[in-house]
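A closer look at the structure
One-letter residues, chain by chain:
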There are 2 protein chains.
Amino acid sequence: MRRIDPQPASGFSDLLPKELAVRQEMIDSVRASFARNGFSFISTPALEREEVLTGGDPLFAKQIYRAKITEDDAPLGLRFDLTVPLARFVAAHADDLVFPFSVSHIGPVWRGEHTQAGRWRQFIQCDADIVGATELTADAQILALVYSTLSDLGLSDRIAIRISNRKILGGLPEFFNFDQKLLPQVLRAIDKLEKQPWKEIADELKSLGLDSSAIDGIQELLSIRASDPIELLDQADKYLKFAPQSHEGIQELRELSGYLDALNVPRTTWSFDLSIARGLGYYTGMVYETSLVALPRIGSVSSGGRYDELVSRFAPLRIAGVGMSIGIDRLRVALDELGIARTPNIGAAVGVLNFDESCKLVVLRLASDLRNAGISTALYTGTDNSLKGQLSWALRSQFKIALLVGPQEKDRNVVQIKQLEARTQDEVPLAQIIGKCRESSCFAPRDKSIIRPATYGPRSVISTITIAPFAGRTTRTIDPSGSVLCAAEMPCLSYSSPDAVVRP
Amino acid sequence: MRRIDPQPASGFSDLLPKELAVRQEMIDSVRASFARNGFSFISTPALEREEVLTGGDPLFAKQIYRAKITEDDAPLGLRFDLTVPLARFVAAHADDLVFPFSVSHIGPVWRGEHTQAGRWRQFIQCDADIVGATELTADAQILALVYSTLSDLGLSDRIAIRISNRKILGGLPEFFNFDQKLLPQVLRAIDKLEKQPWKEIADELKSLGLDSSAIDGIQELLSIRASDPIELLDQADKYLKFAPQSHEGIQELRELSGYLDALNVPRTTWSFDLSIARGLGYYTGMVYETSLVALPRIGSVSSGGRYDELVSRFAPLRIAGVGMSIGIDRLRVALDELGIARTPNIGAAVGVLNFDESCKLVVLRLASDLRNAGISTALYTGTDNSLKGQLSWALRSQFKIALLVGPQEKDRNVVQIKQLEARTQDEVPLAQIIGKCRESSCFAPRDKSIIRPATYGPRSVISTITIAPFAGRTTRTIDPSGSVLCAAEMPCLSYSSPDAVVRP
């Protein structure tokens with residue numbers, strides 16, 4: 001029999017349980033942040049008609065996977081981002097939507113790129129857009145969402161959001177006297193500034209036909225730096241005040257900065273940077289990129305901006321839009337490199353051993369009872385009938401507890417309970433095993449817990465214990481004697497705060 | 001400008017927020033059930049090398065989307081199920097896995113089928129498999145998982161799990177004297193029994209070369225019915241006792257029925273049905289199909305079985321496996337038709353109106369404060385500056401509360417709070433608005449709530465209010481005077497029961 005190579009296709013990767021659990025927690029955290037910020041969620045298919053994706057522009061075609069069933073089919077394309085499908089969605093369903101529409105779209109996209117660390121040919125994007133929003137308060141909320149979402153992931157003091165406005169560079173052709181048609185190529189050249197020395201970009205601008213005074217002027221503009229964002233705008237405005245479109249862009253950034261302050265986005269996390277161009281053609285106003293302070297090499301982990309014309313590709317509607325996108329998979333690699341990725345619990349909490357024919361029905365019922373009580377439980381179903389072999393399975397599977405019922409235990413209605421980390425063993429009556437598993441130390445709060453005691457009323461102390469990372473939380477209500485009255489674990493999407501203490 | 005048709009490609013569909021919220025709750029519920037049953041989660045790419053998917057069998061090829069970037073690339077294929085990618089995954093990562101490995105895989109699959117109600121060319125599968133499990137206790141746990149997972153979705157008394165064993169029909173060639181090689185085609189013909197009258201299947205078996213005594217014998221076997229599952233096995237065994245392979249299959253089902261009882265799977269939800277053949281070639285033992293009692297037309301909503309050879313396609317390993325698959329999208333349509341699909345909350349709870357330039361910073365800060373307090377909040381960012389227009393936005397967006405700050409409110413440090421359903425309006429000091437939103441009646445338990453009072457200790461009554469459908473739950477701890485001490489909303493994946501009341 002010829003064996004088929006079991007590796008994933010080149011540029012694609014499998015995720016093992018630990019990797020996927022990290023990704024899932026990140027996605028759940030992002031979902032919670034988006035929901036808290038008032039966003040609804042939609043879904044579009046992975047495959048779209050090719051003209052939807054390219055908008056007729058052949059330039060896009062070289063990274064798109066084209067898919068068909070028979071040779072005669074018109075090919076569909078796998079989406080390369082979520083913004084274009086969103087625009088199509090809005091055009092198709094405009095009658096059913098209420099504008100402004102705060103909408104999120106989370107899912108995989110596919111690009112036939114060369115792969116490197118944190119870059120694959122399939123990766124998850126988390127997009128949030130406010131569609132039908134004309135006000136700059138929408139742009140500000142999108143940026144606040146970037147801050148809030150990345151903060152939830154533990155990155156509040158590690159991000160640099162660099163913001164500009166397309167209109168500023170949009171005024172360049174008028175100001176420096178070059179053909180308006182060259183602007184997209186000029187922007188694409190400028191967009192490489194982080195990866196290439198200025199010399200190479202200058203050469204590219206020269207080959208496009210810009211004269212040396214224009215090239216020098218652009219360099220001078222992009223070199224403007226200031227410790228205060230408003231000062232940077234003042235300097236740029238002094239430089240560009242005779243270019244009306246550029247001036248308008250600068251005024252918009254000025255207004256935006258006030259809104260960011262009102263939305264409590266700390267100034268330490270954002271700055272204006274006139275070199276942010278965003279290669280994609282559809283942006284028309286605010287544009288931004290986010291990098292990680294300690295990991296500039298990994299590139300942008302979130303980007304986006306305002307696109308006021310995109311929907312009109314698909315319908316006779318001019319629907320303004322502004323949005324952000326977070327690349328979860330690149331961020332996952334980053335959290336790992338920064339050493340702040342949580343190692344989540346994976347798999348079962350309890351493993352039930354199973355090595356005696358006569359006890360089979362007892363262990364099955366035990367597993368069933370534990371599961372019905374909400375305790376995640378696995379039962380051994382392999383071929384190794386030795387205690388040593390099955391204990392090794394339980395240890396390597398990283399269960400917290402192993403339970404054992406042999407013929408002697410069965411006759412006496414007891415269970416051996418092994419705490420695998422503490423390496424202790426106790427005998428417990430079968431009827432008490434659920435309570436015993438629940439109160440096991442393995443369900444106690446982990447290292448990162450926060451304990452917030454809260455005196456409430458004359459007789460009660462409520463202590464809320466929150467397992468902090470991402471959106472995973474355990475809330476316990478504890479009475480003054482220390483008894484746990486109520487425990488709830490909330491590993492994901494939570495609309496209301498689990499710490500809420502309310503008196504109606 | 002030529003406009004591009006905004007409809008999704010034929011056979012594919014968009015999901016609006018309400019539809020996606022239902023699907024997401026279903027997926028979260030399934031994830032919670034799988035986790036409770038001890039399963040870990042993995043992910044594989046959507047695109048696989050084509051030989052991985054087809055195993056070299058050209059029969060599969062006609063439903064597979066083949067994808068490539070340039071004409072010269074060897075095409076990749078979009079996966080048509082999750083079982084084949086799982087087998088590849090296990091072969092690729094066998095050294096990093098602990099067997100038996102309870103593993104779940106949730107994601108979209110693609111098939112170039114004709115579409116109909118509940119069937120699309122892209123749909124979400126939720127798979128759970130125990131890999132490396134040789135024991136029938138594994139088969140029983142998979143069936144218990146089907147029951148438990150569908151019960152969580154509100155279907156406990158609406159499902160019919162029909163179970164058989166491939167070995168029973170596997171003994172037919174020997175018993176009825178026809179060529180072993182014809183068996184796959186015979187099974188595929190039998191598999192159509194639900195959709196076609198026996199006459200057509202008999203014709204198909206005849207055209208395959210089976211003689212009339214074999215055809216009559218197969219019909220007789222498939223017609224065996226009995227109210228008790230063991231009686232059905234007894235009758236079949238009487239009939240087939242001279243076919244060793246068939247007898248072995250019957251004995252396995254006998255053993256399985258005892259395990260299902262031990263796992264508390266009610267007999268009313270499952271039966272043995274010897275006509276269950278499962279068209280796919282890779283099954284070797286237990287096979288099952290699940291239909292909805294009130295909606296047989298919609299077909300199987302969950303199916304699976306034991307496949308002991310699949311991994312050996314990819315590695316010199318004989319790894320036994322048994323698994324289940326739930327098609328979420330078909331089930332979503334079914335829940336809707338049955339009238340038991342919950343209408344989940346979508347979008348924001350609070351909408352902040354925004355129509356005065358001088359109040360812009362106040363409303364932005366208000367939205368930010370509410371969000372930071374965990375209250376899902378949207379802010380109006382459109383062009384309509386009338387109260388009527390913005391209230392219409394809030395009503396049509398189905399927010400629970402609208403908040404209004406105009407110049408007068410700003411000067412007096414108050415907010416107008418409008419309960420949109422109750423159509424009431426109150427004026428509240430700005431500093432109290434978070435508490436006021438929290439205690440609003442819209443956060444009270446909804447229709448489907450279950451209230452479970454629990455006396456605990458001398459002074460406490462803990463009342464746990466659970467919003468039942470799927471995994472969405474709100475847990476509130478209420479003291480004897482009726483004050484809410486602690487509230488937690490848990491719309492998804494929950495490893496431990498939110499109702500747990502424990503004394504350490």
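Provided above is the structure to which this section pertains.
In this report, the structure presented in the accompanying data block is examined. (Residues numbered from 1 in each chain as written. Chains lettered and ligands numbered in written order. Predicted model: local features only at pLDDT ≥ 70, side-chain atom pairs only at ≥ 80, totals over all residues. Heavy atoms only, no water.)

**A word on the pairing of strand β16 (residues 424-429) of chain A**
Rules: Whether two strands pair comes down to DSSP finding at least two bridges between them. Runs of H or I in DSSP of at least four residues are treated as helices and runs of E of at least two as strands, each being numbered from the N terminus.
Bridge analysis of strand β15 (residues 414-419) of chain A against β16(A) gives six bridges, and the strand direction is antiparallel. Pairing of Ile417(A) across the sheet is with Asp426(A), part of β16(A).

**Considerations on empty space enclosed by the protein**
Heads up, the rule is: Definitions used throughout: a 1 Å grid over protein atoms alone; a cavity as a set of points that fits a 1.4 Å probe which cannot get out; a pocket as an open set with protein on both sides within 12 Å along at least five of seven lines; a lining residue as one with an atom within 4 Å of a point. Grid points are joined across faces, edges and corners, and a volume is the space filled by probe spheres set on the points. Amino acids are sorted into nonpolar (Ala, Val, Leu, Ile, Met, Phe, Trp, Tyr, Cys and Pro), charged (Asp, Glu, Lys and Arg) and polar (every other residue, Gly among them).
Evaluation of the coordinates by the stated rule reveals three cavities of 30 Å³ or more. Estimated volume of the largest cavity: approximately 140 Å³. Along the wall of the largest cavity there are 14 residues; nearest its centre are Ser13(A), Leu15(A), Arg23(A), Gln122(A) and Ser43(B). For the lining of the largest cavity, the leading source of residues is strand β6 (residues 122-131) of chain A, giving three residues. One number sums up the size of the second largest cavity: a volume of about 60 Å³. Together, Arg371(A), Ala378(A), Leu379(A), Thr381(A), Asn37(B), Phe39(B), Ser102(B), Ile130(B), Gln141(B) and Leu145(B) line the second largest cavity. Secondary-structure elements contributing two or more residues to the lining of the second largest cavity are β13 (377-379) of chain A together with α4 (136-152) of chain B. Residues that form the lining of the second largest cavity fall into these classes: five nonpolar, four polar and one charged.

**Some thoughts on the sheet that holds strand β13 (residues 377-379) of chain B**
The pairing of strands in a sheet comes from backbone hydrogen bonds and takes either a parallel or an antiparallel form. Residue and element names in this part refer to chain B. The following threshold applies: Axis definition: a line fit to C-alpha positions, over the contact stretch in the case of helices; interaxial angles, taken between N-to-C directions, run 0 to 180 degrees. We call two residues in contact when some of their heavy atoms are within 4.5 Å.
In space, the five strands of this open sheet follow the order β13-β12-β14-β15-β16, with mixed pairing throughout. A single partner strand is all that each edge strand has here, and the edge strands are β13 and β16 (424-429). Pairs of neighbouring strands in the sheet enclose a mean axial angle of 25°, with direction left out of account. Examined bridge by bridge, strand β12 (residues 350-352) and strand β14 (residues 401-404) share three bridges and lie parallel to one another. By the bridge assignment, Val 352 is partnered in β14 with Leu 403. Taken strand by strand, helix α13 (residues 360-372) contacts β12, β13, β14 and β15 (414-419), and its axis lies near 165° from that of β13. Its contacts with the sheet put helix α14 (residues 387-396) on β12, β13, β14 and β15, and the angle it makes with β14 is roughly 150°.

**Considerations on the pattern of salt bridges**
Keep this limit in mind: Salt bridge criterion: a side-chain nitrogen from Lys or Arg within 4 Å of a carboxyl oxygen from Asp or Glu.
Per the counting criterion, the structure on display carries 52 salt bridges over all chains. We note a salt bridge from Asp28(A) to Arg31(B), for which the minimum N-O separation is 3.0 Å. Residue Asp28(A) is located in helix α1 (residues 17-36), and its partner Arg31(B) is located in helix α1 (residues 17-36); the two belong to separate chains. Salt bridges sharing partners connect three or more residues here, namely Asp28(A), Arg31(A), Asp28(B) and Arg31(B).

**What to know about unusual backbone geometry**
Rule in force here: The buried label goes to any residue with under 20% of its type's maximum accessible area, the exposed label to any with over 50%, and the partly exposed label to all in between, with areas taken from a 1.4 Å probe on protein chains only.
Residue Pro100(A) follows Phe99(A) across a cis peptide bond; omega there is -5°. Considering the arrangement of structural elements, one finds Pro100(A) in the loop between α3 (83-93) and β5 (101-110). The residue Gln398(A) is not glycine, and still its phi comes out positive at about 60°. Tracing the sequence through the fold places Gln398(A) in the loop between α14 (387-396) and β14 (401-404). Phi is positive for Asn413(B), which is not a glycine, with a value near 55°. Mapped onto the elements, Asn413(B) comes out in the loop between α15 (407-412) and β15. Owing to a relative accessible area of 49%, Asn413(B) belongs among the partly exposed residues under this scheme.

**As for the packing of aromatic side chains**
Under the convention used in this document: Aromatic pairing here means that ring centres of Phe, Tyr or Trp (its six-membered ring) are within 6.5 Å. Orientation follows from the plane angle: under 30 degrees is stacked, over 60 is edge-to-face, and everything else is tilted.
Summed over all chains, the structure comprises 19 aromatic pairs over all chains. Each ring, one from Tyr282(B) and one from Tyr307(B), has its centre 6.2 Å from the other, and the planes form 75°; the classification is edge-to-face. Here Tyr282(B) is found in the loop between β8 (270-272) and β9 (286-292), whereas its partner Tyr307(B) is found in the loop between β10 (302-306) and β11 (321-327), with 25 residues between them in sequence. Take Tyr282(B) and Tyr307(B): they sit in the same class, and that class is buried. A connected cluster of aromatic rings, assembled from ring pairs, spans Phe175(A), Phe176(A) and Tyr239(A).

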